[in-house]
Structure formats: structure tokens, C-alpha cells
Amino acid sequence: MAVKTAPSILSGDFSKLGAEVLRMEKAGADMIHCDVMDGMFVPNLTFGQKTIADIKKCTRITLDVHLMIDAPERYLDKFIEAGADRLAFHIEATDFARENLTRIKVSGVKAGIAISPDTPLEKAFALLDYCNFVIVMGVYPGFGGQKYIPRTTDRIKKLAAEIKRRDLDVEIEIDGGVIGDNMKEIADAGATVMVSGNYLFGAENPSKVIEKFKAL
Ligand code: DX5
Ligand code: ZN
């Protein structure tokens, strides 16, 4: 299965956000991953819906919005209006996961859940019927440039097996710690969307890295 690349703009230079997005688009990225952090669900702050709306104006590339905020139901409509093409929230952050997924889907946006490293996979299994994609965190959410947690690969395998067993059409997206040394094992485990922050933005030639992802 072809692997898609989603550069995480968190690792870009925020003083020239539009140019950074276009640089990745030109390099062959399939989508741009946008991390929204609230300083509560995660100990870091990034940006909100205004930034997404402004990015939307400068590119036609798919915007993959990853909400790392408490009670995401408060903001779903705002991010949909802002132009998210894919919208995911953390299952640890809400009591209304099903309702949220349905709300995202009916608005024509791809609906996703994100699962942190210590959350039992069964919690995601219970929601698979309502999702278009699942973001499996390879690091504890909050910061770019962290080291991949090795047991994540096994979690991806188990999730892929469950999706196959139930014959569902749900994409697996890996987020956090993806580098040249682990991209193959992650793809072999069943991830088809690779978020990449520091590895891609730090590369001398991002298009070469994106080519590598696509060839997995
Ligand atoms: C982490 C974010 C990731 C991060 C990935 O909380 O959700 O999207 O930007 O960055 P790298 O690839 O550097 O781990
Ligand atoms: Zn992310």
C-alpha cells in the first residue's frame, strides 16, 4: 500500500509559515499535519483556528489537523470552518468520542482519533466503526523531535490486524519519532500515513526524504 507523507508544521519556522507549507508541498508532501495544543491536555502551546484558516488560503494541499486539547467538542466546528480536511482529537481528552466523530463526518471532513502511548488499544477498537483514520502516537504528545517509543510498532500491528479482521476502511497514521531508521518497520507494521517533523524539516533535501517514504 502506498505510504503518504504528512510533514508536521510544528517543526517549521513559524515566522514564515506559508512559505514552509509551500516548501513541503513542492517537495511532494501529501498533506500538512497541524498540531493544535492548548497547554492543558499537553504542556505546550501552538496555534488555533485562525492559523489553520490562513494556511488554507495559501495552499490546496490537504490539511491534517491534530487537536491536542481538552474537551475538543468545544472547537470542532471552528476547525471545520477554518478548512481542516482531516480532523482528529485525542480519545483521552473527551467523553464524547462517538458524537465528535459523527459531527466531523457529517460535515464532510475525514474523522480521526489519536491515541497516546499508554492508552489501551481496546479504547480505539471500540471507535473504529466511526473513524476514517487513527493517529497512533509514537511519542508522548506535546513536542516535536522526541525519540520513537519502540513498543509502538507492536501497537500498530495489533491495530492493523483488528482493522483487517473487521474488514474496515480505516487508515493508520503514525505520529512522533519517525526517522530513516524506523520508517520501514513502521510501514511494514501497517501505517500508511507518516507524520514527520524534525526528520523532514531538518533534512537538507526534503524531497529526497519524501521519495523514501513513498517508496516504502
Ligand atoms: C507531537 C506532535 C507531532 C510532532 C512530530 O506531539 O503531535 O506531530 O510534531 O514531530 P517529530 O516527527 O519531530 O517527532
Ligand atoms: Zn501531531
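Above: the structure in question.
In what follows, the accompanying structure is described. Please read all numbers here as calculations on a predicted model, not as lab measurements.

Here is what the cut-offs are and how they apply
Residues numbered from 1 in each chain as written. Chains lettered and ligands numbered in written order. Predicted model: local features only at pLDDT ≥ 70, side-chain atom pairs only at ≥ 80, totals over all residues. Heavy atoms only, no water. Pairing = 2+ DSSP bridges. Helix = DSSP H or I, 4+ residues; strand = E, 2+ residues; numbered from the N terminus. Axes fitted to C-alpha atoms, helices over the stretch in contact; angles between N-to-C directions. Contact = heavy atoms within 4.5 Å. Salt bridge = Lys/Arg side-chain N within 4 Å of Asp/Glu carboxyl O. Buried < 20%, exposed > 50% of the residue type's maximum accessible area, 1.4 Å probe, protein only. Core = buried A, V, L, I, M, F, W, Y, C linked by side-chain atoms within 4.5 Å. Near = heavy atom within 4 Å. Polar contact = N/O pair within 3.5 Å; in protein donor to acceptor, adjacent residues only side chain to side chain. Areas by Shrake-Rupley, 256 points an atom, 1.4 Å probe, with all protein chains shown as cover. 1 Å grid on protein atoms, 1.4 Å probe; cavity = no way out; pocket = protein on both sides within 12 Å on 5 of 7 lines; lining within 4 Å. Sits in = over half its atoms within 2 Å of the grid points. Nonpolar A, V, L, I, M, F, W, Y, C, P; charged D, E, K, R; others polar.

Within a sheet, adjacent strands bond to each other through the backbone by hydrogen bonds, running parallel or antiparallel. Here eight strands make up an open sheet; going across it, the order is β1-β8-β7-β6-β5-β4-β3-β2 and the pairing parallel. Bordering the open sheet on either side are β1 (4–7) and β2 (31–37), each of which pairs with just one other strand. Each adjacent strand pair in this sheet contributes to an overall mean axis angle of 20 degrees, direction not counted. Bridge count between β1 and strand β8 (residues 193–196): four bridges; the pairing is parallel. Paired with T5 across the strands is M194, a residue of β8. Most of the contacts of helix α2 (residues 49–58) go to strand β3 (residues 62–68), to which it runs at about 170 degrees, and overall it touches β2 and β3. In this fold helix α4 (residues 97–106) packs onto β4 (86–90) and β5 (110–115), with an angle of close to 150 degrees to the strand it touches most, β5.

Turning our attention to the pattern of salt bridges. According to the stated counting rule, one finds 16 salt bridges in the structure shown. With a shortest N-O distance of 3.0 Å, D64 and R86 are connected by a salt bridge. Residue D64 is located in strand β3, and its partner R86 is located in strand β4; the two are separated by 22 residues in the primary sequence. The burial state of D64 is the same as that of R86; both residues are buried. The structure contains a network of salt bridges with shared partners spanning K4, D64, R86, E171 and E173.

A few words now on the nonpolar core. V65, L67, L87, I113 and I156 are the most contacted members of the largest nonpolar core, which totals 61 residues. In contact with I113, other than residues within four places in its own chain, are A88, F89, I91, L101, A124, L127, C131, F133, V134 and I135. Within the second largest apolar cluster, six residues are counted, among which are A88, A114, F133 and V139.

The local shell around ligand 1 holds 19 residues, among which S8, D35, G142, G145 and D175 are the closest. Measuring from an oxygen atom of ligand 1, one finds a side-chain N or O atom of S8 at 2.7 Å. Between ligand 1 and the protein, one listed contact pairs an oxygen atom with a side-chain N or O atom of H66 at 3.4 Å. In isolation ligand 1 has 380 Å² of accessible area, and contact with the protein removes 99% of it. If you map ligand 1 onto the pockets, it falls in the second largest pocket. Contributions of two or more residues to the shell around ligand 1 are made by β2, β3 and β8. A breakdown of the residues in the shell around ligand 1 according to their chemical character gives six nonpolar, 11 polar and two charged.

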